[in-house]
Amino acid sequence: MENWVNMLRSQYNWYAADRIAQYNQQFLQGNYCDIKTYSEACPITCFVSKNGATGEPWKDTKVDKDGKAKNPRRNARDIQITALPELKKARPWYAGIDSTVLQQNVKRLDKAYENFFSGRGFPKFKNRSSFSSFTYVMGVKVQGNKIYLPKIGWMRFYNSRPIPQGFTVKAATVRKRQHGWYVSIRIEDKTVPDYVAVALADVKSIVGCDMGITKLVHLSDGHQIKNPKFATNKKVKRILRIRQRRISRKQKGSKNRTKAAARVGKLHKKISDKRQAYQWKVASQIASRRVDAIGVEDLNVSGMLKRCRVKMDETTGRFLLNGQSRKKGLNRSISDASWSELSQKIEYMAVKSGKVFVKVNPKYTSQKCNVCGHIDASSRDKEKFICSACGYMAHADINAAKNIKKLAMNNIASMVCGDSAKPEPFGSKRSRTKSPRTKCKRGEPENPSNRDIKSEISLESACL
Ligand SMILES: [Zn+2]
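From a predicted model like this one, the values you see are computed outputs, not experimental measurements. (Residues numbered from 1 in each chain as written. Predicted model: local features only at pLDDT ≥ 70, side-chain atom pairs only at ≥ 80, totals over all residues.)

Peer 1: How would you sum up the environment of Lys259? Please name residues and give values.
Peer 2: Tracing the sequence through the fold places Lys259 in helix α6 (residues 255-287). For the pair Lys259 and Ile247, spaced twelve residues apart in sequence, the C-alpha separation works out to 8.5 Å. (Helix = DSSP H or I, 4+ residues; strand = E, 2+ residues; numbered from the N terminus.)

Peer 1: Any chance you could break down unusual backbone geometry for me, citing the residues and the numbers?
Peer 2: Generally, phi is negative for residues other than glycine and the peptide bonds are trans, each holding for most cases. The phi dihedral of Lys229 is positive, around 50 degrees, even though this residue is not glycine. With respect to the helices, strands and loops of the structure, Lys229 is situated in the loop between β9 (224-226) and α5 (234-249). Even without being a glycine, Ser338 presents a positive backbone phi close to 40 degrees. Among the structural elements, Ser338 can be located in the loop between α8 (324-337) and α9 (339-352).

Peer 1: Residues and numbers for the packing of α6 against α9, please.
Peer 2: Running from N to C, α6 and α9 point in directions that differ by 45 degrees, and their axes come no closer than 8 Å. Between α6 and α9, the interaxial angle falls into the category oblique. The handedness of the crossing between α6 and α9 is right-handed. Residue-level contacts link Gln279, Trp280, Val282, Ala283, Ser284, Ile286 and Ala287 of α6 to Glu341, Leu342, Lys345, Ile346, Met349 and Ala350 of α9. (Axes fitted to C-alpha atoms, helices over the stretch in contact; angles between N-to-C directions. Parallel < 35°, antiparallel > 145°, perpendicular 65-115°, else oblique. Left-handed = near helix turned anticlockwise from the far one by under 90°. Contact = placed C-beta atoms within 7 Å.)

Peer 1: Describe the sheet that holds strand β7 (residues 206-211), with residues and values.
Peer 2: Strand order in the open sheet formed by five strands is β9-β8-β7-β10-β13, with mixed pairing between adjacent strands. With partners counted over all chains shown, the strands left at the sheet margins are β9 and β13 (356-360), one partner each. Neighbouring strand axes in the sheet, compared pairwise and without regard to direction, differ in orientation by 20 degrees on average. Relative to β9, strand β8 (residues 215-219) runs antiparallel, the two sharing three bridges. Within β9, the position partnered with Lys215 by the bridge is Lys226. Against the sheet, α9 contacts β7, β10 (293-297) and β13, and its axis sits at roughly 165 degrees relative to β10. (Pairing = 2+ DSSP bridges.)

Peer 1: Got a sec to walk through the sheet that holds strand β14 (residues 380-381)? Specific residues and values, please.
Peer 2: Within the open sheet, the three strands sit side by side as β14-β15-β16. Their pairing is antiparallel. Both edges of this open sheet fall to β14 and β16 (393-395), since each of them pairs with a single strand only. Across three bridges, the pairing between strand β15 (residues 384-386) and β16 is antiparallel. Bridge pairing in β16 places Phe385 opposite Ala394. The sheet strands contacting helix α10 (residues 396-417) are β14, β15 and β16, and the helix crosses β16 at an angle near 95 degrees.

Peer 1: An account of the pairing of strand β4 (residues 153-158) is requested, with residue identities and associated values reported.
Peer 2: Of the strand pairs in this sheet, strand β3 (residues 146-149) and β4 are connected by four bridges, and their pairing is antiparallel. Directly across from Ile147, in β4, lies its bridge partner Met155.

Peer 1: Account for the environment of Lys306, with residues named and values stated.
Peer 2: Positionally, Lys306 belongs in the loop between α7 (301-304) and β11 (311-312). In this structure, the C-alpha to C-alpha distance between Lys306 and Gln324, residues 18 residues apart in sequence, is 9.8 Å.

Peer 1: Which residues make up α5, and what are the values?
Peer 2: Counted at 1.5 Å a residue, the expected span for α5 with its 16 residues is 22 Å, and the 23 Å between its end C-alpha atoms agrees. Little of α5 sits inside the fold, with zero of its 16 residues counted as buried. (Expected span 1.5 Å × (residues − 1). Buried ≥ 20, exposed ≤ 12 C-beta atoms within 10 Å, placed from the backbone.)

Peer 1: Just give me the short version of the nonpolar core, but keep the residues and values in it.
Peer 2: Core analysis: the largest hydrophobic core is formed by 38 residues, its most contacted members being Cys209, Ile286, Ala293, Ile294, Ile346, Val356 and Ala408. Broken down by secondary-structure element, the contributors of at least two residues to this core are β7, β8, α6, β10, α9, β13 and α10. Considering each element in turn, this core owes the most residues, eight residues, to α10. Not counting chain neighbours up to four residues away, the residues in contact with Val356 comprise Ala197, Val198, Leu200, Val203, Asp292, Ala293 and Ile412. (Core = buried A, V, L, I, M, F, W, Y, C linked by C-beta atoms within 7 Å.)

Peer 1: Explain the environment of Ala172 to me, and be specific about the residues and the numbers.
Peer 2: Positionally, Ala172 belongs in strand β5 (residues 168-177). Judged by local crowding, Ala172 falls into the buried class, with 25 C-beta atoms found within 10 Å. For the pair Ala172 and Val140, spaced 32 residues apart in sequence, the C-alpha separation works out to 7.1 Å. Beyond its immediate stretch of four places on either side in the chain, Ala172 contacts Tyr136, Val140, Val183 and Ile185.

Peer 1: Which residues make up the pairing of β5, and what values go with them?
Peer 2: Remember that side chains alternate between the two faces of the sheet whenever the strand is regular. Sheet analysis places strand β1 (residues 133-136) next to β5, joined by four bridges and oriented antiparallel. When the sheet's bridge partners are listed, Thr135 is paired in β5 with Thr173. When β5 meets strand β6 (residues 180-188), the two strands line up antiparallel, connected through nine bridges. Paired with Ala171 across the strands is Arg186, a residue of β6.

Peer 1: Which residues make up the packing of α5 against α6, and what are the values?
Peer 2: Two elements in contact, α5 and α6, have axes separated by 8 Å at closest approach and are oriented at 160 degrees. It follows from the interaxial angle that α5 and α6 lie roughly antiparallel. For the pair α5 and α6, the crossing hand works out as left-handed. Every residue of α6 that contacts α5 at Val236, Ile239, Leu240, Arg243, Gln244, Arg246 and Ile247 is listed here: Arg257, Ala260, Ala261, Arg263, Val264, Leu267 and Ile271. When grouped by side-chain class, the residues that make up the contact of α5 with α6 number nine nonpolar, one polar and four charged. (Nonpolar A, V, L, I, M, F, W, Y, C, P; charged D, E, K, R; others polar.)

Peer 1: If you had to explain the confidence of the model for the protein to someone new, which residues and values would you point to?
Peer 2: This prediction gives the protein a mean pLDDT of 81; 79% of its residues lie at or above 70. When pLDDT is averaged over each element of the protein, β1 comes out on top at 96 and strand β17 (residues 456-463) at the bottom at 43. Confidence drops under pLDDT 50 across residues 29-53; counting only partners more than four residues distant or on other chains, this segment forms 29 contacts. Throughout residues 420-464 the model reports pLDDT below 50, and contacts reaching past four residues in sequence, or to other chains, amount to 91 contacts. (pLDDT = per-residue confidence, 0-100.)

Here is the structure:
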């Protein structure tokens with residue numbers, strides 16, 4: 001499995017390089033080399049394919065009566081997938097990898113490009129730490145505490161959650177983590193009905209969630225959910241500091257240093273496991289409230305994690321204090337709370353329980369008065385909120401949660417007036433949220449793997 005991951009990483013990077021080369025060429029040359037017909041292209045001056053240099057760009061070489069090719073062009077992903085047999089010829093060791101795994105790997109790159117074209121970052125080359133998994137879509141079998149992975153074989157594993165009756169295995173992802181290998185299995189039962197969401201026009205009650213650090217979530221009904229600070233509490237911080245110091249005292253390149261580093265990694269894994277479990281608990285707690293809709297703020301977490309701007313003394317050219325050392329602790333707390341992951345889980349649980357999930361713009365939610373709507377930064381004094389216009393007094397975060405509730409209600413009301421009054425299926429849930437990033441074509445599933453997610457559950461079990 002270790003070998004496979006290494007090979008697949010190099011395959012991923014190779015295909016990524018192929019696409020980057022093509023992208024640059026197109027970007028520089030525009031449509032000059034865009035070939036729309038079967039006319040011969042000079043291989044020295046231009047590439048035949050628009051999307052990738054490897055593989056056959058044409059689907060069907062047959063020509064119909066009018067002289068036009070049927071189904072003329074493959075997209076970049078299909079071009080690269082059809083090039084796989086050639087890859088296996090040139091590098092025979094790739095034949096040892098299951099073919100669906102190789103295909104899924106190409107699809108993974110294509111997904112990264114799709115995200116890029118819809119406004120996210122440019123796909124990156126993968127290194128050891130950013131690439132540690134592979135996915136099967138066929139042939140995986142589970143029997144008791146044994147699992148069969150094609151081309152690898154039967155092996156023992158810890159079956160943490162047996163597959164329920166009537167479900168078939170759709171896909172399996174094998175992932176390397178700090179302390180061993182894990183497999184998560186996607187299963188499907190077609191007889192399970194889809195989750196039906198409340199119609200937007202019928203939404204009567206709504207709960208707003210304000211995320212924070214001292215308390216993880218404040219709900220608009222006054223409920224608070226505490227933040228255990230898995231990575232930034234005093235005890236864990238001390239253990240991390242000690243274990244980190246043990247690494248730095250070992251000789252570089254020595255076995256003992258690797259061992260010490262593995263111990264730190266194990267601790268990080270434990271922290272992340274605890275956080276995941278807690279977040280699921282919190283999410284299901286929020287989703288089980290008796291409301292029709294849940295409103296969450298759409299935070300730009302990566303923007304909040306930015307470093308402070310550098311300050312420089314203009315006469316001497318020396319750096320001045322810019323508050324970064326103070327911000328560092330806050331940044332760690334923000335990462336530890338991992339709000340965006342929590343909000344994803346809330347969304348998942350909300351959809352599962354038939355509730356509407358709304359994201360709202362968090363601008364001024366913590367400065368605005370919930371009663372009179374007055375916006376003033378001086379209304380807020382740490383945890384207290386006293387409106388400078390009408391004198392309304394409340395806990396600052398609960399005031400914010402109530403503002404989020406109001407915004408979510410407005411969002412839903414405007415959506416009811418618009419064209420999306422009928423409930424949408426889970427696959428196109430994103431069009432419901434009003435964030436600028438999610439420009440999703442209506443009626444189109446976001447990605448093919450999301451299509452049958454509604455009746456699928458993910459199982460995670462530890463391999464030996
Ligand atoms: Zn007020």
